[in-house]
Amino acid sequence: MNRLIVHLRAYRTNAGLTQAQLAEAVGVSRKTINTIENGVFTPSTILALTLADELGCSVHDLFALPD
């Protein structure tokens with residue numbers, strides 16, 4: 001299976017949020033945000049949609065499949 005390309009860190013930092021702040025806003029731990037940003041953990045559909053909503057973008061902005 002192909003690795004997911006994750007742009008979460010860029011969108012989070014552009015929003016001026018720390019991992020802890022984003023985690024609190026979406027109801028997960030800071031470690032969860034960290035593992036998503038580092039490609040260790042793939043979020044559920046619900047969490048991906050919640051992250052996108054919180055950051056004012058689409059899920060496709062945050063996550064992509066490699067070419």
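Here we summarise the structure given alongside this text. Computed from a predicted model, the values in this text were never measured in an experiment. (Residues numbered from 1 in each chain as written. Predicted model: local features only at pLDDT ≥ 70, side-chain atom pairs only at ≥ 80, totals over all residues. Heavy atoms only, no water.)

**Looking at the overall build of the chain**
A count of helical and extended segments in the chain gives five helices and two strands. In summary, the chain has a C-alpha radius of gyration of 11 Å against a globular reference of 11 Å for 67 residues, a match within 12%. Referenced to the eigenvectors of the C-alpha coordinate spread, the extents of the chain come out at roughly 30 × 20 × 20 Å. For the chain, buried positions account for 30% of its 67 residues. Restricting to contacts in the chain with at least 6 residues of sequence separation, those with at least 24 account for 55%. Accessible surface, the chain: about 4400 Å² in total, of which carbon and sulfur atoms supply 52%. The average position of the 5 basic charges and that of the 6 acidic charges among the side chains of the chain differ by 13 Å. (Helix = DSSP H or I, 4+ residues; strand = E, 2+ residues; numbered from the N terminus. Rg over C-alpha atoms; globule rule 2.2 N^0.38 Å. Buried < 20%, exposed > 50% of the residue type's maximum accessible area, 1.4 Å probe, protein only. Contact = heavy atoms within 4.5 Å. Areas by Shrake-Rupley, 256 points an atom, 1.4 Å probe, with all protein chains shown as cover. Lys, Arg positive; Asp, Glu negative; His and termini not counted. Charge placed at Lys NZ, Arg CZ, Asp CG, Glu CD.)

**A closer look at the packing of helix α2 (residues 19–26) against helix α3 (residues 30–37)**
Closest axis-to-axis distance for the α2/α3 pair is 8 Å, and the angle between their directions is 110°. It follows that α2 is roughly perpendicular to α3 by the angle criterion. The crossing of α2 and α3 is right-handed. Here Gln19, Ala20, Leu22, Ala23 and Val26 of α2 come into contact with α3, specifically with Arg30, Ile33, Asn34 and Glu37. Here the contact of α2 with α3 is composed, by residue class, of five nonpolar, two polar and two charged. (Axes fitted to C-alpha atoms, helices over the stretch in contact; angles between N-to-C directions. Parallel < 35°, antiparallel > 145°, perpendicular 65-115°, else oblique. Left-handed = near helix turned anticlockwise from the far one by under 90°. Nonpolar A, V, L, I, M, F, W, Y, C, P; charged D, E, K, R; others polar.)

**Here we look at the packing of α2 against helix α4 (residues 45–55)**
Two numbers describe how α2 lies on α4: the axes approach to 10 Å, and their chain directions differ by 115°. If you check the angle between α2 and α4, you find them roughly perpendicular. Here α2 runs over α4; the crossing is right-handed. On the side of α2, the interface is formed by Leu22, Ala25 and Val26, while α4 contributes Leu47, Thr50, Leu51, Glu54 and Leu55. Of the residues belonging to the contact of α2 with α4, the class tally is six nonpolar, one polar and one charged.

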